[in-house]
Every structure is written in C-alpha cells, then in structure tokens.
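# Chain and residue survey
Here's the letter readout for the chains.
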Amino acid sequence: MVVVVAPYPSLDKTVIIPDFALGQIFRPSEVLTLAGGKGFNFARALKTLGHLSVVVAPLGRQQGQFFLELARQEALQWDVQYIEGEVRTCLTVIDPAHQNRSTEIYEKGPVLQVADWEKQVELTASHFGETSYLAVCGSFPPGIPQAGLAGLVRRAKGAGKKVLLDTFGPQLDGVLELSPDLLKINQFEAGSLVGRPLETAAEALEAAQELQQRGAQAVVITLGKVGAVGRTAGGETFGWSSPKVEAAFSTGSGDSLLAGLVSGLLEGQGLAEAVRRGVAAGAANTLEMGAGRFERGAYANLLEAILPLSL
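Anyway, here's the lowdown on the structure attached to this text. Computed from a predicted model, the values in this text were never measured in an experiment.

This part covers the overall build of the protein. Secondary structure assignment for the protein yields nine helices and 14 strands. Over its C-alpha atoms, taken along the principal directions, the protein stretches across nearly 55 × 45 × 35 Å. Every one of the 311 residues in the protein was classed for burial, and the buried ones make up 55%. Within the structure as shown, the protein displays about 13,400 Å² of accessible surface, and the carbon and sulfur contribution to it stands at 50%. Separation of charge centres in the protein, based on 26 positive and 32 negative side chains, amounts to 2 Å.

Rendered as structure tokens:
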C-alpha cells in the first residue's frame, strides 16, 4: 500500500477531434472523462501493476461527488477532504489527422486555505500505519504556504516513511535538504532547479548529482521519448532508453513511469531496475487514451524492449 498525496486533482476529459482548428464547431469522435490529476493517474497505473494505494486529496462537494464516482468505477481508493470551490477540469484535444497533436486546456483550481492544508497533512498522517511509502504527486493549488510540503515531509520522515516526490514549484524549495528518498522530475523541471537547460542524458546526470548534493537521496530525471536517467543514493548512475512506439497519448506518461518505478521498489527491485519498469509503463501509457491507463500485456511486452541508454 502507498499513501498518495494529490494536492491538485482534476476532472480530466480527453476528446478525439480529427483536423482540430480554432474558431470552429466540432463533435468529438471519442470522449473519455477520468478522475485525474497526477496523484490519481499514478494510483490508476499502480493498480494496473498490481499494487494498491490510497489517494488523499481536497475536493469540492458538488463536482467532487461525480469525481469520486469515476474513481469508484475504477476501484481506486481515496480519503478526501471537502473544501470550498469545485474541482478543476482539464481538457485534452487529440488530433489523429495531424500525428496525434494534442492541445491542452487546464483550468485553475480553487484556493486551498492554510487550515485546509493542515487538515490534509493530518489526513495523510492517519494512513502512515498502513504503508512504508508516501508519494507526493503533482503541483500545488493556490493558497498552500511555500513551507507546506516541507511540513508534510518532516512528518513522514519522523514516522519512518520513505518519501517519494513527483512535484515541482515553490513548495519544493527547502524540501531537498530534508533528504527525501526519491525525487523524480522531468528534464525541464530539473533544468530550472539547476539553472540551465538539460539537453542530453549526460547533462541530466550532472543535474541529478547536484540535486543529491542539495539533499535528495536518489534522483530520477525523465527525458521524454529518449527515456530516463538517475542516480541511486549510493551514487550509481543508470539510464534506460524508451522503446519506439506509435505514441498517441502522451498525457500521464510521467505518472505511469512513477507507478512502474514504485511497483519495482515494492517488489524488492533496486532503483535502476525499478526505473526500467517505469520506462516501460510510461511507454505503454502512450498507447491508450486516458492518463495512467495501459494494458498489462502491452507493458510486459515493452519491458522486454527496454535497453540501457548510452551515457
């Protein structure tokens, strides 16, 4: 079991519109609506890989009921706190007539009051007895103090939990010095943290070392279609190339990668092998409509095709 903090959930709607263009009326050929946001995407992918989680998230009451019904249909587990305002909606338009070009429209969610965040921390801590892992997935909504994540990490580390971070933004400042067990971010986020663009696997590994020097125990940096690289807490470097697939749906690939990684850790794999599983899950995600959704068989087939990345 993994307890997952999802600070910024969303109703994720994906529509298929061939030859999509601005200023016209369209009737989508396919529509899919999911309980989304990075935390729920991660939980969905982790369940596909055979592991349970409970997602702790803030939700508005009215839209929140519809959101939870969608989560219930997928047998996801949650523990939510109701807040003022409503869950945001994120729309992704896929155009199969133009190489599956995607257009994404993300609403701004409700402000989360300081008291609401404090309740989120307490709700999360109430599940610490069920798990050894805390995963924080996604950005933070307006209103959460900059030190809010640091307080949660201190609470988890004090309870002896392994902290896995897949987040970026002001709340990440000051958290690395608390020695999270794993920081997983993409090359653009990592580049922002170290103050320079990261264009190669070697540059990403240099950045990973810098982030370790700031306090993160292990670091994994994703490189999109190229694959992923990382450094273990002991300083071992590794990298895996992403298999070539006819990718149609990129949204949620990073969340699926984290799920594959965590599934490996839960099954006793070392970090390098766990990330290989993650790369396979991320690639499998691109084959199916909806973030964090993929077939277990597709994942298994892709896993066989994952090769070491030239570093």
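Summed over all chains, the structure comprises four aromatic pairs. A ring pair is formed by F294 and Y299, whose centres lie 6.3 Å apart and whose planes are at 40 degrees; its orientation type is tilted. Residue classification places Y299 among the buried residues on the basis of a relative accessible area of 7%. Lying over the aromatic face of Y8, R88 brings its terminal NZ or CZ to 3.8 Å of the ring centre. Directly above the ring of W240 sits R276, whose terminal nitrogen or CZ lies 6.0 Å from the centroid.

Strand order in the open sheet made by the four strands is 3-2-6-7, with mixed pairing throughout. The sheet is open, and its two borders are formed by strand 3 (30–36) and strand 7 (101–106), each paired with just one other strand. Here the strands of the sheet are splayed against their neighbours by 15 degrees on average, with no regard to which way each runs. Here seven bridges tie strand 2 (residues 10–16) to strand 3, and the two strands are oriented antiparallel to one another. Along strand 3, the bridge assignment pairs S10 with G36. Its contacts with the sheet put helix 1 (residues 38–48) on strand 2 and strand 3, and the angle it makes with strand 3 is roughly 100 degrees. The strands that helix 2 (residues 61–73) touches are strand 2 and strand 3; relative to strand 3, the one it contacts most, it runs at about 100 degrees.

Let's shift gears to the side chain of T286. Mapped onto the elements of the fold, T286 is located in the loop between helix 8 (271–285) and helix 9 (296–303). We classify T286 as buried; its relative accessible area is 9%. Discounting chain neighbours no more than four positions away, the residues touching T286 are V245, A247, A248, F249, S250 and S253.

Look at helix 8 against helix 9: their axes get within 8 Å of each other, and the N-to-C directions meet at 130 degrees. One way to sum up the angle between helix 8 and helix 9 is to call them oblique. As for how helix 8 packs across helix 9, the hand of that crossing is right-handed. When helix 8 is examined against helix 9, the residues R276, R277, A280, A281, A283 and A284 are found in contact with a partner set consisting of A298, Y299, L302 and L303.

Moving on, we get to helix 4 (residues 148–158). Those residues of helix 4 that fall on the buried side of the exposure criterion are G148, L149, A150, L152, V153 and A156. Buried residues along helix 4 sit in contact with strand 1 (2–5), helix 3 (114–125), strand 8 (133–137) and strand 9 (162–166). With its phi angle positive at about 80 degrees, G160 sits one or two positions after the end of helix 4.

How each quantity is defined
Residue numbers here run from 1 along each chain, matching the order of that chain's written sequence. Restriction of local features to residues with pLDDT of at least 70 applies here, the model being predicted, together with a cutoff of 80 or more for giving and counting side-chain atom pairs; totals for whole chains, interfaces and linings are based on all residues. Note that water and hydrogens are dropped before the side-chain values are worked out from all heavy atoms of the structure. Numbered from the N terminus, helices here are DSSP runs of H or I no shorter than four residues, and strands are runs of E no shorter than two. Throughout, exposure labels follow a simple rule: accessible area from a 1.4 Å probe, protein chains only, divided by the maximum for the residue type, with under 20% read as buried, over 50% as exposed, and the rest as partly exposed. Per-residue accessibility takes into account occlusion by the displayed protein chains alone, with areas from the Shrake-Rupley method and a 1.4 Å probe. Note on charges: Lys and Arg go in the positive column, Asp and Glu in the negative column, and His and the chain ends are not counted at all. For the purpose of locating charges, the reference atoms are NZ of Lys, CZ of Arg, CG of Asp and CD of Glu. Ring pairs are drawn from Phe, Tyr and Trp, using the six-membered ring of Trp, whenever the two centres fall within 6.5 Å, and their geometry is named by plane angle: stacked under 30 degrees, edge-to-face over 60, tilted for the rest. Look at NZ for Lys and CZ for Arg. If either is within 6 Å of the ring centre and within 35 degrees of the ring normal, a charge sits over the ring. For two strands to pair, DSSP has to find at least two bridges joining them. Orientation is described by lines fitted to C-alpha atoms, with helices fitted over the stretch in contact, and by angles between N-to-C directions that extend from 0 to 180 degrees. Pairs of residues are marked as contacts when any of their non-hydrogen atoms sit within 4.5 Å. Throughout this description, any angle smaller than 35 degrees is read as roughly parallel, any larger than 145 degrees as roughly antiparallel, any in the 65 to 115 degree range as roughly perpendicular, and the remainder as oblique. Left-handed describes a crossing whose near helix is turned anticlockwise from the far helix by less than a right angle; the clockwise case is right-handed.

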